[in-house]
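Residues per chain, in single letters:
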Amino acid sequence: MTVHMRDWESFVTPAEDGSVRMDLAVEGITCAACMSEIERGLARLPGIAHARVNLTSQRLAVAWRAEETGAEDIVAALDRMGYRAHPFDPAAQKERQDRDGRELLRAMAVAGFAGMNIMLLSISVWSGNVTDITPETRDLFHWVSAIIALPTVAYSGRPFLRSALAALGAGRLNMDVPIVIGVTLAVGLSFVQTMQSQHHAYFESAVMLLFFLLVGRYLDHNMRRRTRSLAENIAALKAEVAARIGADGAVREVPLSKIEPGDLVLVTAGERIPVDGIVEFGRSEIDQSLVTGETALQPVGAGERVYAGTLNADGVLKVRVSAASGATLLDEVNRLLEAAAQAKSTYVRLADKAAAQYSPLVHGAAALTFLGWILAGLDWQPALVIAISVLIITCPCALGLAIPAVQVVASGQLFRSSVLINSGDAIERLAAADTIVFDKTGTLTLAEPQLIEPAVPMDAVLDLAGRLALSSKHPLALALARAVGADRPLDGVVETTGAGVEAVHEGLLVRLGSPAFCGVDEAAVAEALARHPDASLLALRIGEAAPRLLPMRQSLRPDAAATVAALRARGYRIEILSGDRAGAVDTAARALGIADWRAGLTPADKIARLEELKADGRCVLMVGDGLNDAPALAGAHVSLSPVTAVHLSQAAADAVFLGDRLAPVAEALAIARKAKTAMMQNLWISVIYNFIAVPIAVAGYVTPLIAALAMSGSSIIVTANALRLRLGAGK
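Residues numbered from 1 in each chain as written. Predicted model: local features only at pLDDT ≥ 70, side-chain atom pairs only at ≥ 80, totals over all residues. Heavy atoms only, no water.

### Some points on the overall build of the protein
Helices and strands together make up the secondary structure of the protein, namely 24 helices and 27 strands. Approximately 31,400 Å² of the protein is accessible, and the part contributed by carbon and sulfur atoms is 60%. (Helix = DSSP H or I, 4+ residues; strand = E, 2+ residues; numbered from the N terminus. Areas by Shrake-Rupley, 256 points an atom, 1.4 Å probe, with all protein chains shown as cover.)

### Here's the deal with the UniProt feature "transmembrane region" (unreviewed entry) in the protein
Under the present numbering, the feature "transmembrane region" (unreviewed entry) in UniProt falls on residues 104-128, 140-161, 173-195, 201-219, 358-378, 384-406, 683-702 and 708-727. Between the end C-alpha atoms of residues 140-161 there is a gap of 29 Å, over a span that is 95% helix and 0% strand. Across residues 173-195, helical content stands at 87% and strand content at 0%; the span's end C-alpha atoms are separated by 32 Å. (UniProt positions renumbered as here; feature names shortened; annotations may be inferred.)

### Some remarks on helix α24 (residues 704-723)
Taking 1.5 Å per residue, 20 residues should reach 28 Å; α24 reaches 28 Å between its end C-alpha atoms and fits that length. Among the residues of α24, P704, L705, A707, A708, M711, S712, S714, S715, V718, T719, N721 and A722 are the ones counted as buried. (Expected span 1.5 Å × (residues − 1). Buried < 20%, exposed > 50% of the residue type's maximum accessible area, 1.4 Å probe, protein only.)

### Some details on the packing of aromatic side chains
Under the counting rule described, the total for this entry stands at two aromatic pairs. An angle of 55° between the planes, with centres 6.0 Å apart, marks the rings of W8 and F11 as tilted. By relative accessible area, W8 is classed as buried at 1%. Judged by centre distance (5.6 Å) and plane angle (90°), the rings of W143 and F191 are edge-to-face. Here F191 lies in helix α6 (residues 176-195) and W143 lies in helix α4 (residues 135-156), a separation of 48 residues in the sequence. You can call F191 partly exposed: its relative accessible area is 30%. The ring centre of F281 lies 5.5 Å from the NZ or CZ of K318, which sits over that ring. (Phe/Tyr/Trp six-rings, centres within 6.5 Å; stacked < 30°, edge-to-face > 60°. Lys NZ or Arg CZ within 6 Å of the ring centre and 35° of its normal.)

### Some remarks on the confidence of the model for the protein
Low-pLDDT portions of the prediction should not be read for the details of their coordinates. Mean pLDDT for the protein: 80, with 84% of residues reaching 70 or above. Taken element by element, the predicted model of the protein shows its lowest mean pLDDT in helix α22 (residues 647-652) (47) and its highest in strand β16 (residues 435-438) (94). Across residues 645-650 the pLDDT falls below 50, and counting only partners more than four positions away or on other chains, this stretch makes 16 contacts in the model. (pLDDT = per-residue confidence, 0-100. Contact = heavy atoms within 4.5 Å.)

### Here we look at the pattern of salt bridges
Tallied over the full model, the rule gives 17 salt bridges. Across the salt bridge formed by R531 and E527, the nearest N and O atoms sit 3.6 Å from each other. Taken together, the positions of R531 and E527, both in helix α17 (residues 522-531) and four residues apart, correspond to about one turn of that helix. For R609, the salt bridge is made with E575, and the minimal N-O distance between the two is 2.6 Å. (Salt bridge = Lys/Arg side-chain N within 4 Å of Asp/Glu carboxyl O.)

### Looking at the sheet that holds strand β21 (residues 536-542)
Spatial ordering of the open sheet is given by β17-β22-β21-β20-β19-β18, a layout of six strands whose pairing is antiparallel. Here the strands that pair on one side only, and so sit at the sheet edges, are β17 (450-451) and β18 (494-496). Here β21 runs beside strand β22 (residues 548-553); their pairing, made up of five bridges, is antiparallel. Following the sheet pairing, L537 is matched in β22 by P551. This element, helix α15 (residues 460-469), spans β17, β19 (500-505), β20 (508-513), β21 and β22 of the sheet and lies at about 70° to β20. (Pairing = 2+ DSSP bridges. Axes fitted to C-alpha atoms, helices over the stretch in contact; angles between N-to-C directions.)

### Looking at the nonpolar core
Formed by 46 residues in total, the largest nonpolar core has its most connected members in I436, L621 and L669. Among the elements that take part in this core, helix α23 (residues 663-698) stands out by supplying 10 residues, more than any other. Setting aside residues no more than four positions away along its own chain, I436 makes contact with L567, Y572, R573, I574, E575, L621, V623 and L669. In terms of nonpolar packing, the next biggest core, distinct from the first, is built from 42 residues, A111, A201, Y202 and L213 among them. (Core = buried A, V, L, I, M, F, W, Y, C linked by side-chain atoms within 4.5 Å.)

### So, the environment of S418
Among the structural elements, S418 can be located in the loop between α12 (397-416) and β15 (419-421). Relative accessible area serves as the criterion here: at 14%, S418 is assigned to the buried category. With 246 residues separating them along the chain, S418 and P664 place their C-alpha atoms 6.3 Å apart. Excluding anything up to four places from it in sequence, S418 contacts V656, F657, L658 and P664.

### Description of the pairing of β19
With three bridges connecting them, β18 and β19 associate as antiparallel partners. Looking at β19, one finds that T496 is bridged to G500. The pairing of β19 with β20 spans six bridges and is classified as antiparallel. Within β20, the position partnered with A503 by the bridge is V510.

### A word on the sheet that holds strand β7 (residues 251-255)
Ordered by their spatial adjacency, six strands build an open sheet running β7-β6-β8-β14-β9-β12, and the pairing between neighbours is antiparallel. Of all strands in the sheet, those with a lone pairing partner are β7 and β12 (305-306), marking the two edges. As paired elements, strand β6 (residues 241-245) and β7 share five bridges and run antiparallel to each other. Bridge assignment links A243 to a residue of β7, and that residue is E253.

### What about helix α19 (residues 582-592)?
Listed in full, the buried residues belonging to α19 are A584, V585, A588, A589 and L592. Buried residues along α19 cover an arc of 130° about the axis, so they all sit on one side. As for α19, its buried residues are in contact with α14 (440-444), α18 (560-569), β23 (573-577) and β24 (596-598). Trailing α19 by a residue or two, G593 shows a phi angle of about 70°, which is positive. (Arc of directions from axis to C-beta.)

### Focus: unusual backbone geometry
Of note, the phi angle at S197 is positive, near 55°, even though the residue is not glycine. Here S197 is to be found in the loop between α6 and α7 (203-236). Look at S197 and you get partly exposed, because its relative accessible area is 34%. Even without a glycine there, the phi angle at S418 is positive, about 70°.

### Concerning a negative patch on the surface
A cluster of acidic residues, D7, E9, E72 and D73, forms a negative patch on the protein surface. Within the secondary structure, D7 is located in the segment before β1 (13-14). Overall, the relative accessible area of 47% leaves D7 in the partly exposed class. (Patch = residues over 30% accessible without salt bridge, like charges linked within 9 Å, V, L, I, M, F, W, Y side chains within 5 Å. Lys, Arg positive; Asp, Glu negative; His and termini not counted. Charge placed at Lys NZ, Arg CZ, Asp CG, Glu CD.)

As structure tokens, this is what we get:
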């Protein structure tokens, strides 16, 4: 289907800020220079807010002001640049990329088989040239080599030729242009030399160049396919339909897009939960490994939260929807994965700019080399051979792969460690961090509070409190309801915002909420806090009877102490900045062995402390959860939030981590440091390679075959160096 036959406006979706956006699958993206070309080209259109290309999935996300530019204008601009666009369909895009992978594999196999046969013939010619080979035999071997090489180059060179022709047709250069020119000149010169019965031909150079380039491109394709499969596995967890329970009790299967918050859905055994919500009825065990990182099944019952994509193992659940299609935790994970893949770090932008500017230098260097040797008196054929060698050896493939290869592997490793990147340069900033500042509540501790004095069977008062708590949205009340296993809410419950809930039960007014709401005197509150300095207090009052205090606390994450100790052993300075009471913070700090802590802080106090650390030359990683942490997260050098963070904190944080463990913080820092090291190594490999190889090639000491081996080898080296991140990640 052409641009003129498709209604592109129907694929545009409005955004909350008044702009519109569209996701496209773009054919012909082969390297970082292609990404930069597309983004720069679209940025010239009026009204474009941003254009981001995901090299892994070849997905282009564009946001713009609809009154200034139309969707057709964007697609037409891509067409002028030599790129064909389709509406982004993950299944169709996967099929296209798998087809490209199969084509690369076939082309690589053909080039490898042909290259080995031509090499055998060339070795015979090389050895015969210094012994006793007859001109007739040498010509025969050259013609046989030509017969093998010409169809091989025509077949195996198609991926490069299509890309180069599209670039030239759009009036631009990419990394495939010097490859195609080099191969074409090598084959053309070799054919002329064969017709002239020359001693040398370079068919093996052209074919082996294609083979090694195809090896590098297939490795890169395979690496990106593995990273893409992470997002595909997440997407596969998403349900397309849900069983909605109507007001009449009838169960009807409807598309997920028709489910709204507040609906009641039925989830039977063996089904994936389609929405985020609260269990209203039933008990079961579910696989929450996406959320918690734990593979063991977790029991759930009435009042407990469940998430889309998790697997219901055995029981039947009725779930009240809190977030449906597009707004679930699973959708948030997908958005963060996509944002991480589209984001660009400082090093990526640097490498893209260098690679884009380097392509014209490649052609200029080859042309000047040819003219220089001609002026020096060399015949045009050997001068052209040297120019071909320069053209091949200076191709900036390694430079273009240097950083994106590391970023792709690092993003995959971070995801396996339950960390999702939300900012393009987060990896570099994580690597630079030397001080870690933790919030306490919901960060060092679990978000779910627990009763300090566990419920005992047949405690009628506590059971009544749990039933009343079911009607409250306060986290402490919900935790109390879960602790006592309440599943039948009281009737006629009235909630007083910020205070508590009350209802009349058996003729008595029952209140659950803050100590003040329930009439607890300050002395009793002080006594309870003296016994449990890290507790939060709920109170229950039945009629005129004395109120009962229910102390609750958030327990430390199970691996918090081990993680903090490991971070301290690596040389990180660690502090706690919390808005909680001093007693609660002191208890947590003592348990974790953290000497530097501050309590009772406002958001402004936290920012002031971060500024003090920054003035001391510290690069601070802020790890926090909660609305009051959002300014500190945004103000720190780099930031992390648990996945339970409110949306504002998630937007402010550079990355989020999943599950109940604190270990992802340490793993993210370790992976980031290794990734930054690999980025710098790859940049230096590219620079040193060109610094050494180019003068040697210009001097005429490199044949096209050696140039092909050197250039392909440099690309494979930087890719292999990136793949080293998979060894011992996070250690």
